[in-house]
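Results of the structural survey
The chain contents come next:
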Amino acid sequence: GENVEQHPSTLSVQEGDSAVIKCTYSDSASNYFPWYKQELGKGPQLIIDIRSNVGEKKDQRIAVTLNKTAKHFSLHITETQPEDSAVYFCAARGGSQGNLIFGKGTKLSVKP
Amino acid sequence: KAGVTQTPRYLIKTRGQQVTLSCSPISGHRSVSWYQQTPGQGLQFLFEYFSETQRNKGNFPGRFSGRQFSNSRSEMNVSTLELGDSALYLCASSQGLAGLYEQYFGPGTRLTVT
């Protein structure tokens, strides 16, 4: 079955710097890759997603890139702000199943 | 539009008891998926319900079960609770089958088994 690896597990940046989180997946049939942000005491919030027919997608300060050949995708956050501090999860979905397979998460800390 | 709601938010149960958790999806959404989140295993898929039928199931024992009602609300039940069942249980709703649409999560139910 699908396996998703996520790195790094923790990331600390200064306010205004960029943050990059990387994920790799194993199932070449996966075709949908969402990113979720989870704040303390809350459920995961969908922040951006990308489908396998697209190489890059941007939404204001966040962007996601997908390399299908290498089977990896990345989240880029520019001009980070303290409110970006949270745990970020990547996920993959595809094949015959509709469920999401999640990475282990990255705890991002943005220091003012 | 209101988001996914889950009740109760917190629950403390004793080993051997059973528990029922409830999830109300976003209005108009017809699929509900359940996930278990623990520090060690992360987010793991339990099952998906669509049109009152279980469409997909993760690798959990039969003690974990669920159902969906005609209004798309869903419940999950865990029988004979074990200490290892302590976790945050999340439900996610999607417009249609989870394999075709985005999934939106609720705040979760924090279950503690003592």
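Up top is the structure.
Residues numbered from 1 in each chain as written. Chains lettered and ligands numbered in written order. Predicted model: local features only at pLDDT ≥ 70, side-chain atom pairs only at ≥ 80, totals over all residues. Heavy atoms only, no water.

Description of the interface of chain A and chain B
For clarity, the threshold we go by: By the convention used here, residues are in contact when the closest approach between their heavy atoms is within 4.5 Å. The term buried area means the drop in 1.4 Å probe accessible area that two parts suffer when joined, counted for both and summed. Salt bridge, as applied in this entry: a Lys or Arg side-chain nitrogen positioned within 4 Å of an Asp or Glu carboxyl oxygen.
At the interface, 18 residues of chain A touch 21 residues of chain B. Here chain A packs against chain B, burying approximately 1500 Å² in sum over the two surfaces, 48% of which is carbon and sulfur. There are one salt bridge connecting chain A and chain B. When the shortest N-O distance is used, the salt bridge between Arg51 of chain A and Glu102 of chain B registers 3.3 Å.

Overview of the pattern of salt bridges
What counts is decided by this rule: Relative accessibility thresholds used throughout: buried, under 20% of the residue-type maximum; exposed, over 50%; partly exposed, between the two (1.4 Å probe, protein chains only).
Counted by the stated rule, this structure contains eight salt bridges over all chains. Residues Lys57 of chain A and Asp49 of chain A are paired through a salt bridge, measuring 2.9 Å at the closest nitrogen-oxygen approach. Of the charged contacts in the structure, one is a salt bridge between Glu75 of chain B and Arg73 of chain B, with a shortest N-O distance of 3.4 Å. The class of Glu75 of chain B is buried, set by a relative accessible area of 16%.

A look at a nonpolar patch on the surface
Residues and elements named next belong to chain B. Quick reminder of the rule: Patch membership is restricted to residues that have no salt bridge and whose relative accessible area is over 30%. Joining uses 9 Å for like charges and 5 Å for the nonpolar side chains Val, Leu, Ile, Met, Phe, Trp and Tyr. Computed by Shrake-Rupley with a 1.4 Å probe, the accessible areas treat only the displayed protein chains as cover when residues are assessed. Think of it this way: any DSSP run of H or I at least four residues long counts as a helix, any run of E at least two long counts as a strand, and we number them from the N terminus.
On the surface, Leu97, Leu100 and Tyr101 cluster together into a nonpolar patch covering about 260 Å² of accessible area. Examined against the element boundaries, Leu97 turns out to sit in the loop between β9 (87-94) and β10 (104-105). Note on Leu97: relative accessible area 31%, which makes it partly exposed.

Thoughts on the state of the cysteines
Basically, it comes down to this: We call a pair of cysteine sulfur atoms a disulfide when they lie within 2.5 Å.
Under the criterion given, the structure shown has two disulfides over all chains. One disulfide in the model links Cys23 of chain A with Cys90 of chain A; its S-S distance is 1.9 Å. Between Cys23 of chain A and Cys90 of chain A the sulfur-sulfur dihedral comes to about -100 degrees; the bridge is accordingly left-handed. Of the two residues, Cys23 of chain A sits in strand β3 (residues 19-25) while Cys90 of chain A sits in strand β9 (residues 86-94), which places them 67 residues apart along the sequence. In this model Cys23 of chain B forms its disulfide with Cys91 of chain B; the gap between the sulfur atoms is 1.8 Å. Classification of the bridge connecting Cys23 of chain B and Cys91 of chain B rests on its S-S torsion, roughly 65 degrees, and on that basis the disulfide is right-handed. Remark: Cys91 of chain B occurs in strand β9 and Cys23 of chain B occurs in strand β3 (residues 19-24); sequence separation between them is 68 residues. Comparing Cys23 of chain B with Cys91 of chain B, the two get one shared label, buried.

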